[in-house]
Amino acid sequence: MLNKACNGRINKKLNITLSEAEIENLISTTLLETSEADFLQKGKNIYITNNKRNMRLTINSYTYRIITADKLDKKMPIGFFKIDGIALH
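Note that the coordinates shown come from a computational prediction; the quantities given were computed from them, not determined experimentally.

As for the overall build of the protein chain
Logical step 1: When you go through the protein chain residue by residue, the secondary structure sums to two helices and six strands.
Logical step 2: In the protein chain, the succession of helices and strands from N to C terminus is α-α-β-β-β-β-β-β.
Logical step 3: Across the 89 residues in the protein chain, those meeting the buried criterion constitute 36%.
Logical step 4: Taken as a whole, the protein chain presents about 5800 Å² of accessible surface, with 54% of it coming from carbon and sulfur.

Topic: the sheet that holds strand β4 (residues 66-71)
Logical step 1: Strand order in the open sheet formed by four strands is β1-β2-β3-β4, with antiparallel pairing between adjacent strands. The open sheet has two edge strands with one neighbour each: β1 (39-42) and β4. Averaged over all pairs of adjacent strands, the angle between strand axes in this sheet comes to 20 degrees, irrespective of strand direction.
Logical step 2: For β1 and strand β2 (residues 45-50), the ladder comprises four bridges, and the chain directions are antiparallel. Across the sheet, F39 pairs through a bridge with I48, a residue of β2.
Logical step 3: In the packing of helix α2 (residues 20-33) onto the sheet, contacts are made with β1, β2, β3 (55-60) and β4, and the angle to β3 comes to roughly 95 degrees.

A look at the pairing of β3
Logical step 1: Counting buried residues in β3 gives five out of six residues, a clear majority hidden from the surface.
Logical step 2: Between β2 and β3, which pair antiparallel one after the other, the connecting turn spans four residues, and N54 there sits at a positive phi close to 60 degrees.
Logical step 3: Note that β3 and β4 share five bridges and pair antiparallel. The residue of β4 that forms the bridge with R56 is D70.

What counts and what doesn't
- Residues numbered from 1 in each chain as written.
- Predicted model: local features only at pLDDT ≥ 70, side-chain atom pairs only at ≥ 80, totals over all residues.
- Heavy atoms only, no water.
- Helix = DSSP H or I, 4+ residues; strand = E, 2+ residues; numbered from the N terminus.
- Buried < 20%, exposed > 50% of the residue type's maximum accessible area, 1.4 Å probe, protein only.
- Areas by Shrake-Rupley, 256 points an atom, 1.4 Å probe, with all protein chains shown as cover.
- Pairing = 2+ DSSP bridges.
- Axes fitted to C-alpha atoms, helices over the stretch in contact; angles between N-to-C directions.
- Contact = heavy atoms within 4.5 Å.

By themselves these figures say nothing about function.
What follows is the structure, encoded as structure tokens:
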């Protein structure tokens, strides 16, 4: 579940420019392709780490609202991942 403030925050923190629908698609795809082993519940939040997409989602575990999204490697664009130090798409 997203709101307009969250859309702006996600675009800013991931350094991307996506519409609300594109952000929802990115989040849905990220959730579906991330292994359950990469879901970590800590307190009231669930942290979902997706190395392939170079991002971590933070979700409120009570409301299931997206709180924010962060890049794992600030220098690498979203959607890229590293193998032996080389960024691949």
